[in-house]
Amino acid sequence: EGARQTEALPLVKIYGENRVVDTVSFTVAKGEFVSLLGPSGCGKTTTLRCIAGLEEANGGEIAIGDTTVSAPATDTLVPPHQRDIGMVFQSYAVWPHMTVFQNVAYGLKFKKLAKQATLEKVERLLRVVHLEALKERYPDRKPLFYGGRDTWTPIPKEFLRSLPTDLSRRSGAA
């Protein structure tokens, strides 16, 4: 597989009269980790939401690999579920009625993997993030996690989907 990158050139997002993302441009190469830094309200999360397709950009262009997924000038807009991208939300989205294992495995449901393949992938990733001992616990049953570990469940949940791009935004981090 060739080099896959994500590009935003020059991205614009406007809410009413507020230009919350003002001609932001960047390229993220395959395998590269990038942080968006800035004060509260400067457009970091909005930029990530535009890339993921959860917000529509008003200007610029977003490309993931060789595919342009957003280009308002040409009415190009690929829906979020077709962008092959994962996002860990700032208010980490875990299902309270599912165990840690079920939360992590949820994304694989749409990949239609065999039950054994799903089991193996989830088990392996839970070991990597040191959550294997908590796999049968429910997020709404305290204390599930401590010391910030409550934010770890959605990370393997998205990585497990084997997506080529990951957009991560944790509370307190840029």
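Everything below is about the structure printed above this text.
Residues numbered from 1 in each chain as written. Predicted model: local features only at pLDDT ≥ 70, side-chain atom pairs only at ≥ 80, totals over all residues. Heavy atoms only, no water.

1. A short note on the environment of His-97
Test applied: A run of DSSP states H or I qualifies as a helix once it reaches four residues; a run of E qualifies as a strand once it reaches two. Both are numbered from the N-terminal end. A simple rule labels every residue: compare its accessible area, found with a 1.4 Å probe on the protein chains alone, to the largest value its type can have, and call it buried under 20%, exposed over 50%, or partly exposed in between. The criterion used for residue contact is that any of the two residues' heavy atoms lie within 4.5 Å.
Tracing the chain through its elements places His-97 in the loop between β6 (85–88) and α2 (100–105). His-97 sits in the exposed class, given a relative accessible area of 52%. As a C-alpha pair, His-97 and Tyr-138 span 41 residues in sequence and 6.8 Å in three-dimensional space. The residues touching His-97, leaving out its near neighbours within four places in the chain, are Gln-102 and Tyr-138.

2. A closer look at the environment of Glu-132
Counting through the fold element by element, Glu-132 comes out in the loop between α3 (115–128) and α4 (154–159). Excluding residues that lie within four positions of it along the chain, Glu-132 makes contacts with Leu-126 and Arg-127.

3. Some thoughts on the sheet that holds strand β5 (residues 76–77)
How we decide: When DSSP locates at least two bridges between a pair of strands, those strands are taken to pair. Axes here mean lines fitted to C-alpha atoms, for a helix over just the part in contact, with angles spanning 0 to 180 degrees between N-to-C directions.
The 5 strands lie next to each other as β2-β1-β3-β4-β5, forming an open sheet whose pairing is antiparallel. The two strands at the open ends of the sheet, each matched to only one other strand, are β2 (18–28) and β5. Inspection of the sheet shows strand β1 (residues 6–15) paired to β2 by 8 bridges, in the antiparallel sense. Residue Lys-13 lies in a different strand from β2, and its bridge partner there is Val-21. Those strands touched by helix α1 (residues 44–52) are β1, β2 and β3 (59–64), and its axis lies near 115 degrees from that of β1.

4. Here's the deal with the environment of Ala-29
You can see Ala-29 is positioned in the loop between β2 and α1. By relative accessible area, which is 35% here, Ala-29 ends up partly exposed. For the pair Ala-29 and Thr-6, spaced 23 residues apart in the sequence, the C-alpha separation amounts to 6.6 Å.

Take it as geometry only, folks, not as evidence of what the structure does.
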